[in-house]
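Close look at the chain arrangement
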Amino acid sequence: MTAILTYAKTQTRAFFRDPVALFFVIALPLIFLVVFGSIFRDTATNFRVAVIDRSGTAFAQQLLDTAQADDLLTVVDVASLDAAKEQMSRGQLDSIIELPPGFGDIAQVGEVQAPAGQMTVFYSEASPQAGQAVAAVMRAVLDGTNRQTTGFVDPLTVVQQPTTEAGLTQFDYTFSGMLGFTILSLGLFGLANNLPSQKKAGALRRIRATPFQAARLLTGTALQYLVLGVISLTVMIVVGLTVFGFDMRGSWFVFAVFVAAALAMMIGFGLLIGGWAKNENQSAPLSNIVAFPMMFLSGTFFPRFLMPDWLQSTTAWLPLTPVADGIRFITTENASLVDVAPQLGMVLGWGAVVYLLAFRLFRWE
């Protein structure tokens with residue numbers, strides 16, 4: 001164990017003397033964070049809403065069609081109000097419009113008869129701007145209808161109401177995916193190319209001439225990159241909290257345990273590819289083949305709920321999917337280790353497989 005720790009310590013010191021390596025491990029994830037954080041910090045001009053229509057009137061449907069005519073609202077099908085609130089708490093919906101029974105029925109208003117009722121527009125307490133914008137859109141539509149039917153009174157009104165859940169901001173949802181991307185890039189784009197470069201330089205050949213075994217080499221390298229991963233993620237979290245106002249709603253202890261397991265698992269992929277490849281010409285394409293499907297299909301950059309059902313079922317088995325989902329559940333929904341047990345189980349399962357293969361397929365040269 002002393003030899004392993006000594007090797008990890010010396011390799012870590014050498015790493016911090018390499019500006020290029022520091023750029024890819026620490027600076028590059030920060031660049032992605034700033035770019036995506038700036039994009040998803042802005043308010044969208046098109047709002048995803050769920051409509052709970054309990055009125056069953058033709059007037060209500062006509063009203064919703066009018067509201068969608070300007071492409072400001074996109075109506076998402078939901079099973080119930082509770083299901084809509086759950087989606088809203090995860091950032092999948094911007095607002096919920098509820099039409100109560102009797103909304104749009106003809107009623108006596110002053111001296112005229114006109115459709116009457118009161119709709120409810122739900123908004124997220126964490127990001128009320130989207131709900132307020134949706135309420136403003138619906139209020140404008142109702143004002144136009146009021147003027148046409150009565151000329152002077154407002155029998156159709158809008159009231160805003162917060163959901164009980166503290167919903168996500170767009171940045172909160174994106175930030176958890178960026179943490180997953182950092183874990184991916186550290187293991188595959190960093191470690192997978194480091195070992196082949198050492199083979200090419202003859203460094204591993206010299207180590208092989210000593211009593212230092214392959215298992216110790218791989219373990220020491222894993223510890224080195226585990227430390228680097230902790231440093232990189234810590235820098236990102238500090239920037240997210242201070243610059244972009246990231247709202248951490250879960251336990252930092254649960255987060256640390258889950259991230260440590262995820263880091264160790266992804267480092268195993270880097271050890272597997274880098275330990276088997278003879279040079280960078282082999283490791284680079286292998287890293288891309290493994291990394292790119294996970295990068296774009298695991299929910300790091302694009303939410304998986306936007307994918308077709310068959311693709312969601314398939315991508316659920318990708319190694320990075322439980323990492324992205326687990327981090328998102330912990331940071332945004334205050335999930336415990338019990339809550340993320342399925343994701344943690346998949347991470348540990350993948351880790352056991354890749355480390356077994358990494359130790360068996362390792363080549364010194």
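Everything that follows concerns the structure shown earlier in this document.
Residues numbered from 1 in each chain as written. Predicted model: local features only at pLDDT ≥ 70, side-chain atom pairs only at ≥ 80, totals over all residues. Heavy atoms only, no water.

Digging into the overall build of the chain
Counting secondary structure elements, the chain contains 13 helices and seven strands. Considering the chain as a whole, with its 365 residues, one finds that 48% of them fall into the buried category. In the chain, the share of contacts with a sequence separation of at least 24, taken over all contacts with a separation of at least 6, comes to 80%. Just so you have it, the chain exposes about 17,000 Å², and 60% of that area is on carbon and sulfur atoms. (Helix = DSSP H or I, 4+ residues; strand = E, 2+ residues; numbered from the N terminus. Buried < 20%, exposed > 50% of the residue type's maximum accessible area, 1.4 Å probe, protein only. Contact = heavy atoms within 4.5 Å. Areas by Shrake-Rupley, 256 points an atom, 1.4 Å probe, with all protein chains shown as cover.)

Observations concerning the pattern of salt bridges
When the charged atoms of two side chains lie near each other, side chains of opposite charge can form a pair. Applying the stated criterion to the full structure yields two salt bridges. Taking the shortest distance from any N to any O, the salt bridge between R54 and E98 comes out at 2.9 Å. In this pair, R54 sits in the loop between β1 (47–53) and α3 (58–68) while E98 sits in strand β3 (residues 95–99), placing the two residues 44 residues apart along the sequence. Assessed through its relative accessible area of 42%, R54 is described here as partly exposed. Owing to a relative accessible area of 15%, E98 belongs among the buried residues under this scheme. The salt bridge partner of R249 is D247, with a shortest N-O separation of 3.0 Å. By relative accessible area, D247 is classed as partly exposed at 35%. (Salt bridge = Lys/Arg side-chain N within 4 Å of Asp/Glu carboxyl O.)

Focus on helix α13 (residues 341–361)
Between its first and last C-alpha, α13 extends 30 Å over 21 residues, near the 30 Å set by a 1.5 Å rise per residue. Looking only at α13, the buried set comprises Q343, L344, V347, G351, V354 and A358. Buried residues of α13, viewed axially, fall in a sector of 100 degrees; they line one side. Opposite the packed face of α13, turned more than 90 degrees from it, sit the exposed residues P342, L348, A352, L356 and R360. Packing partners of the buried residues in α13 comprise α8 (214–242), α9 (252–276) and α12 (320–333). (Expected span 1.5 Å × (residues − 1). Arc of directions from axis to C-beta.)

Regarding unusual backbone geometry
Positive phi is not limited to glycine here, since N334 has a value of about 55 degrees. Of note, N334 is situated in the loop between α12 and α13. Owing to a relative accessible area of 47%, N334 belongs among the partly exposed residues under this scheme.

Concerning the packing of helix α6 (residues 170–201) against helix α10 (residues 280–297)
Interaxial distance between α6 and α10 falls to 9 Å at its minimum, and their mutual angle equals 170 degrees. One element, α6, and the other, α10, form an angle in the roughly antiparallel class. On α10, the residues that touch F181, L184, L188, F189, A192, N193, P196, S197 and K200 of α6 are E280, S283, A284, S287, N288, V290, A291, M294 and M295. Class assignment for the residues of the contact of α6 with α10 results in eleven nonpolar, five polar and two charged. (Axes fitted to C-alpha atoms, helices over the stretch in contact; angles between N-to-C directions. Parallel < 35°, antiparallel > 145°, perpendicular 65-115°, else oblique. Nonpolar A, V, L, I, M, F, W, Y, C, P; charged D, E, K, R; others polar.)

Some remarks on the packing of aromatic side chains
Evaluation of the coordinates by the stated rule reveals five aromatic pairs. On the basis of an interplanar angle of 20 degrees and a centroid distance of 6.1 Å, the ring pair of F292 and F296 is categorised as stacked. Taken together, the residues F292 and F296, both in helix α10 and four residues apart, mark about one turn of the helix. Between R363 and the ring centre of W276, over which it is positioned, the NZ or CZ distance is 4.6 Å. (Phe/Tyr/Trp six-rings, centres within 6.5 Å; stacked < 30°, edge-to-face > 60°. Lys NZ or Arg CZ within 6 Å of the ring centre and 35° of its normal.)

Comments concerning the side chain of R328
Along the chain, R328 falls in helix α12. Here R328 sits buried without a salt bridge, and the closest side chain of opposite charge, D325, lies 4.1 Å off (N-O distance). When residues no more than four places from it in sequence are discounted, the contact partners of R328 are Y173, S176, G177, G299 and E333. (Lys, Arg positive; Asp, Glu negative; His and termini not counted.)

Structural notes on a nonpolar patch on the surface
On the surface, W276, L286, I289, V353, L357 and L361 cluster together into a nonpolar patch covering about 500 Å² of accessible area. Among the elements of the structure, α10 and α13 are those that each provide at least two residues to the nonpolar patch. The element contributing the most residues to the nonpolar patch is α13, with three residues. As for its position among the elements, L357 is in helix α13. (Patch = residues over 30% accessible without salt bridge, like charges linked within 9 Å, V, L, I, M, F, W, Y side chains within 5 Å.)

Some thoughts on the packing of α8 against α13
Between α8 and α13, whose axes approach to 10 Å, the crossing angle comes to 135 degrees. Considering their axes alone, α8 and α13 lie oblique with respect to each other. Between α8 and α13 lies a crossing whose hand is right-handed. Contacts between α8 and α13 involve A215, L218, T219 and A222 on the former and, on the latter, Y355, A358 and F359. By residue class, the composition of the contact of α8 with α13 is six nonpolar, one polar and no charged. (Left-handed = near helix turned anticlockwise from the far one by under 90°.)

Brief notes about the side chain of S95
Mapped onto the secondary structure, S95 falls in strand β3. Within the structure, the side chain of S95 is placed 2.6 Å from the backbone oxygen of F122, a separation counted as a polar contact. (Polar contact = N/O pair within 3.5 Å; in protein donor to acceptor, adjacent residues only side chain to side chain.)

Quick look at the pairing of strand β6 (residues 117–123)
Among the seven residues that make up β6, five are buried, leaving the element largely enclosed by the rest of the structure. When β3 meets β6, the two strands line up antiparallel, connected through three bridges. Note that in β6 the partner of I96 across the bridge is F122. (Pairing = 2+ DSSP bridges.)

By themselves, these are just geometric observations and shouldn't be taken as functional.
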